[in-house]
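Per-entry structural report
These are the residues of each chain, in order.
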Amino acid sequence: MTRGMQELPLSGGRTTDGVVRVGETVRRPPKANSAFVQRLLVHLERRGFHGAPRYIGKDEDGRDTLSYLEGSVPGDLGWFEDGVLIAAARLISRYHAATAGFYPQGLAPPDFEVVCHNDLSPCNAVFSGGLPVALIDFDAAAPGARTWDLGYAAWLWLDIGNDDLTRGEQIRRLRLFVSAYGPGAAPQVVSAMIRRQQLLVQADGDAGRTAWAANCLAWTLE
């Protein structure tokens with residue numbers, strides 16, 4: 001435990017066990033991918049990307065210490081107005097641009113374009129003034145293709161598969177989201193979304209989440 005300072009468990013989003021706030025920092029238990037994430041966050045800071053926490057170091061308990069980002073984090077998926085979708089897509093685009101060419105060890109995979117966050121859910125975004133301004137929880141970050149990230153992000157930010165939204169409205173919102181991200185991504189976004197849905201159906205051990213992903217996949221295919 002951090003000496004002389006109160007540890008506050010963080011709420012909101014899909015909180016990782018053991019993550020706490022200490023003063024103006026966040027402490028996270030180390031994970032298998034921690035060394036890569038540390039280098040990634042340092043790289044983002046050097047590139048002037050302010051939409052991610054700064055890596056500060058290890059505390060006396062061996063936990064990763066990050067800067068705390070003020071704001072709120074959604075507890076679940078939901079409906080977001082156009083301005084929020086545009087801000088989210090532009091944030092993701094800036095993140096990808098800042099990671100292009102960053103591969104610190106070994107040979108990059110054949111599809112390497114950027115460092116994918118790999119969990120670009122609204123639940124991993126910090127909101128300020130009603131708009132997403134930063135990304136958090138980089139535990140799954142890895143080199144890959146930008147559309148791999150963007151397809152998953154579009155699925156969750158638009159809540160694709162929600163029967164309360166018509167097909168025409170979701171097509172409009174998807175075009176808005178992809179357009180805000182920038183050129184070059186549109187042709188592969190839907191196929192990437194379908195692949196991410198398929199993988200969650202196949203790999204997830206949670207029955208409720210598997211059923212939700214299967215419904216989303218059926219909606220997208222139809």
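The structure we're discussing is the one just above.
Quantities reported herein were computed from a predicted structural model and do not represent experimental measurements.

So, how was this worked out
Residues numbered from 1 in each chain as written. Predicted model: local features only at pLDDT ≥ 70, side-chain atom pairs only at ≥ 80, totals over all residues. Heavy atoms only, no water. Helix = DSSP H or I, 4+ residues; strand = E, 2+ residues; numbered from the N terminus. Rg over C-alpha atoms; globule rule 2.2 N^0.38 Å. Buried < 20%, exposed > 50% of the residue type's maximum accessible area, 1.4 Å probe, protein only. Contact = heavy atoms within 4.5 Å. Lys, Arg positive; Asp, Glu negative; His and termini not counted. Charge placed at Lys NZ, Arg CZ, Asp CG, Glu CD. Pairing = 2+ DSSP bridges. Core = buried A, V, L, I, M, F, W, Y, C linked by side-chain atoms within 4.5 Å. Expected span 1.5 Å × (residues − 1). Phe/Tyr/Trp six-rings, centres within 6.5 Å; stacked < 30°, edge-to-face > 60°. Lys NZ or Arg CZ within 6 Å of the ring centre and 35° of its normal.

**Things to note about the overall build of the protein chain**
When helices and strands are tallied, the protein chain shows 6 helices and 9 strands. Scaling as 2.2 N^0.38, a compact globule of 222 residues should have a C-alpha radius of gyration of about 17 Å, and the protein chain matches this with 18 Å. With the principal axes as the frame, the protein chain shows a C-alpha extent of 55 × 35 × 35 Å. Burial statistics for the protein chain: of 222 residues in total, 48% are counted as buried. Of all intrachain contacts in the protein chain linking residues separated by at least 6 positions in sequence, the fraction that spans at least 24 positions is 68%. Averaging the coordinates of the 22 positive side-chain charges in the protein chain and doing the same for the 25 negative ones gives two points 6 Å apart.

**Regarding unusual backbone geometry**
One non-glycine residue, N118, adopts positive backbone phi at about 75°. With respect to the helices and strands, the residue N118 is situated in the loop between strand 6 (114–116) and strand 7 (125–128). Even without being a glycine, D159 presents a positive backbone phi close to 55°. Mapped onto the elements, D159 comes out in the loop between helix 3 (146–157) and helix 4 (167–181).

**Notes on the sheet that holds strand 2 (residues 20–22)**
Across the sheet, which stays open at both edges, the 5 strands sit in the order 1-2-3-5-4 with antiparallel pairing between neighbours. The two strands at the open ends of the sheet, each matched to only one other strand, are strand 1 (8–9) and strand 4 (55–58). Across 3 bridges, the pairing between strand 4 and strand 5 (residues 64–67) is antiparallel. Within the sheet, the bridge partner assigned to K58 lies in strand 5 and is D64.

**Regarding the nonpolar core**
Of all hydrophobic cores here, the largest spans 50 residues; its most connected members are L44, F138, W155, W157 and F177. Ranked by the residues each element gives to this core, the list is headed by helix 2 (residues 82–99), at 8 residues.

**Focus: helix 3**
Taking 1.5 Å per residue as the helical rise, helix 3 with its 12 residues ought to reach 16 Å, and the 16 Å between its terminal C-alpha atoms agrees with that figure. When helix 3 is considered as a whole, its buried residues turn out to be T147, D149, L150, G151, Y152, A153, A154, W155, L156 and W157.

**Digging into the packing of aromatic side chains**
Here the structure, examined in full by the defined rule, presents 9 aromatic pairs. Pairwise contacts between aromatic rings join F49, Y95 and F138 into one cluster. The residue whose ring lies beneath R21 is Y68, and the NZ or CZ to ring-centre distance is 3.7 Å. In this arrangement the basic side chain of R196 is found over the ring face of Y152, its NZ or CZ atom lying 4.1 Å from the centre.

**Some words on the pairing of strand 8 (residues 131–135)**
With 4 bridges connecting them, strand 7 and strand 8 associate as antiparallel partners. Looking at the pairing, S128 lines up with L131 of strand 8. Hairpin geometry of strand 7 and strand 8 is characterised by an intervening segment of 2 residues between the two adjacent antiparallel strands and by a positive phi of about 65° at G129.

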